[in-house]
Amino acid sequence: MNQGEVWIARVPYSDVSDSIDSIANALIHSNKKKSKKRYVLVLGDVRPVLIISRDEYHKASSNSSVIACPITSNLQRAIKMYHTLKSAGFRGVTPDLLRITGNERIQAGLDRDSAIVILKVTTLNVNQLENKIGGLTDTKVSSVVEIVKEFF
Amino acid sequence: MTEGSAVQSDGSGGYPLNPLEWVKWLAGALPAAELIEESEIPVVDINSIKDILNKLRQELENIPLEELLDKFLSVVPDTATEESYREAIKKLERVYKEMFPVEFKMLEKFREHSTLEDKRKVWEEIYRPIAVNLAEGFASESAKLWDYAFSKENISAEELEELDLINRWLFLLTKVFAISSRLDDMEKSVELSRFGIVLYLRGLKILYETPGISIDTAKQMLRQDFELIIRKILESGYEFQKADDYLLFEVLEE
């Protein structure tokens, strides 16, 4: 996998942390052998992601993980994120940057107008990547990375 | 659009420009589908059929939009089930026949000496381009909707919710006609496009032509349609592309 590629991936939910422990406990209780094994759950969904980490990062991690932004076709989520980023003062956030439309959408392998969910940048294990569906230009990816840098 | 309907956007400088006008896009779709549906199709001087459909389209252009909508929306079912959709398709065929008796009579003349090869020719040269145009038209409307949503300052939560619902509806319409145009099985292709036509009309009625309906009710009603259409897509035998599962999932996502 390389920077700028769009993959279908298993992306963990970002808002279910409270329930993970209770689910894990329930599983432990239902285990008849009373195993002490600790369950690790990844609750999430399958969606496209844009890989934003550099290829050097992939080499350094022995190609075991990538940093990626989820992609959504949910208009409401996209617009809310856009206004949140703008009102928080992030420079360089424009509709063109967030949106994947027209030829770009075709290059990305998507058949619906979508947006890059920069706010939910996440690290994924390569096992969570399922298949590559397309890619975005270096220019676009660099702009996305610039915004992410502003988070810090 | 009807006062008090689920969608309040008036289109003044925004979106949608006029979703009711899209009804004219359907002009050739149903008659073309009908040609394929008939087991004994005519044959087929393909150009003659094209001429008839063009004439039909021109006549349709001359009919006032209000009148057209009255006729087309009169077939829209109250619920979204496979049976109610099929019933609506039958009613719509009757509406077309009443509106264009001359053209339909001419089309019927073709039904006497057709072969499977003729049928496939009609499908490939007439029906498929219509389905592709419809898919492209709805996709283009969806892109305009995103343009509008991103460009509007201080967009309200209510309007955003409306636009999100329209966006899901437009995506499924795009998907139905695009998949219909790509299927190798003619019957399944035609069936899918007919369901697409009813989805369009039902969306139009629920979103724009039902006074006093709230956006929440519109969402609940259209969810039945979305589930039905996704089931029809899954049953169509279409070989899914890599990102399809996720995209269909997002249509039903709360």
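What counts, and at which threshold
- Residues numbered from 1 in each chain as written.
- Chains lettered and ligands numbered in written order.
- Predicted model: local features only at pLDDT ≥ 70, side-chain atom pairs only at ≥ 80, totals over all residues.
- Buried ≥ 20, exposed ≤ 12 C-beta atoms within 10 Å, placed from the backbone.
- Helix = DSSP H or I, 4+ residues; strand = E, 2+ residues; numbered from the N terminus.
- Pairing = 2+ DSSP bridges.
- Contact = placed C-beta atoms within 7 Å.
- Nonpolar A, V, L, I, M, F, W, Y, C, P; charged D, E, K, R; others polar.
- Axes fitted to C-alpha atoms, helices over the stretch in contact; angles between N-to-C directions.
- Parallel < 35°, antiparallel > 145°, perpendicular 65-115°, else oblique.
- Left-handed = near helix turned anticlockwise from the far one by under 90°.
- Expected span 1.5 Å × (residues − 1).
- Arc of directions from axis to C-beta.
- Core = buried A, V, L, I, M, F, W, Y, C linked by C-beta atoms within 7 Å.

1. What to know about the pairing of strand S3 (residues 65-72) of chain A
All names here are of chain A.
Consideration 1: Burial within S3 is extensive, with six of its eight residues counted as buried.
Consideration 2: Relative to S3, strand S2 (residues 44-51) runs antiparallel, the two sharing three bridges. Considered in S3, the bridge of Val49 is made with Pro70.
Consideration 3: As paired elements, S3 and strand S6 (residues 122-125) share four bridges and run antiparallel to each other. Looking across to S6, one finds that Ile67 is bridged to Thr123.
Consideration 4: Pairing of S3 with strand S5 (residues 114-116), which is carried by two bridges, proceeds in the antiparallel orientation. Of the residues in S5, the one forming a bridge with Thr72 is Ala115.

2. Structural notes on the interface of chain A and chain B
Consideration 1: Between chain A and chain B, the contact holds 21 residues from the first and 21 residues from the second.
Consideration 2: Mapped by element, the contributors of at least two residues to the side of chain A that touches chain B are S2, helix H3 (75-87) and strand S7 (129-135) of chain A.
Consideration 3: Across the side of chain A that touches chain B, the residue classes break down as nine nonpolar, six polar and six charged.

3. Regarding the packing of H3(A) against helix H6 (residues 116-151) of chain B
Between two packed helices, what matters for the description is the angle formed by their axes and the separation of those axes.
Consideration 1: Packing of H3(A) against H6(B) brings their axes to within 10 Å, and their N-to-C directions diverge by 30°. By the angle between their axes, H3(A) is roughly parallel relative to H6(B). The hand of the H3(A)/H6(B) crossing is right-handed. Where H3(A) approaches H6(B), its residues A:Leu75, A:Ile79 and A:Tyr82 are matched on the opposing element by B:Trp146, B:Ala149 and B:Phe150.
Consideration 2: When grouped by side-chain class, the residues that make up the contact of H3(A) with H6(B) number six nonpolar, no polar and no charged.

4. Brief notes about the packing of helix H2 (residues 46-62) of chain B against H6(B)
All names here are of chain B.
Consideration 1: For the pair H2 and H6, interaxial distance at closest approach is 11 Å and the crossing angle is 45°. The angle between H2 and H6 falls in the class oblique. Seen from above, H2 lies across H6 with right-handed handedness. When H2 is examined against H6, the residues Ile46, Ile49, Lys50 and Leu53 are found in contact with a partner set consisting of Lys121, Val122, Glu125 and Ile126.
Consideration 2: Residues that form the contact of H2 with H6 fall into these classes: five nonpolar, no polar and three charged.

5. Brief notes about the environment of A:Ser73
Consideration 1: Mapped onto the fold, A:Ser73 is located in the loop between S3 and H3.
Consideration 2: In this structure, the C-alpha to C-alpha distance between A:Ser73 and A:Val6, residues 67 residues apart in sequence, is 14 Å.
Consideration 3: Apart from the residues within four sequence positions on either side, A:Ser73 is in contact with A:Arg112, A:Asp113, A:Ser114, B:Leu247 and B:Glu250.

6. Let's talk about helix H4 (residues 82-99) of chain B
Residues and elements named next belong to chain B.
Consideration 1: Look at H4: 26 Å from first C-alpha to last across 18 residues, which is about the 26 Å you get at 1.5 Å a residue.
Consideration 2: Every buried residue of H4 is accounted for by Tyr85, Ala88, Leu92 and Tyr96. Buried residues of H4, seen end-on, are gathered within an arc of 80° and therefore sit on one face of the element. Counted as exposed and oriented over 90 degrees from the buried face of H4: Glu83, Lys90, Arg94 and Glu98.

7. A look at the pairing of S2(A)
Consideration 1: Note that strand S1 (residues 5-12) of chain A and S2(A) share seven bridges and pair antiparallel. Considered in S2(A), the bridge of A:Val6 is made with A:Leu50.

8. What about the nonpolar core?
Consideration 1: Ranked by internal contacts, the top residues of the largest apolar core, which has 97 residues, are A:Val49, A:Leu50, A:Cys69, A:Ile116 and B:Val176.
Consideration 2: The greatest single-element share of this core, amounting to 14 residues, is contributed by H6(B).

9. What about unusual backbone geometry?
Consideration 1: Of note in the backbone geometry, A:Ser62 takes a positive phi value of approximately 55° without being a glycine.
Consideration 2: Counting through the fold element by element, A:Ser62 comes out in the loop between helix H2 (55-60) and S3.
Consideration 3: For B:Asn154, which is not a glycine, the phi torsion comes out positive at approximately 50°.
Consideration 4: Tracing the backbone shows B:Asn154 in the loop between H6 and helix H7 (157-182).
Consideration 5: Judged by the 6 C-beta atoms lying within 10 Å of it, B:Asn154 is exposed.

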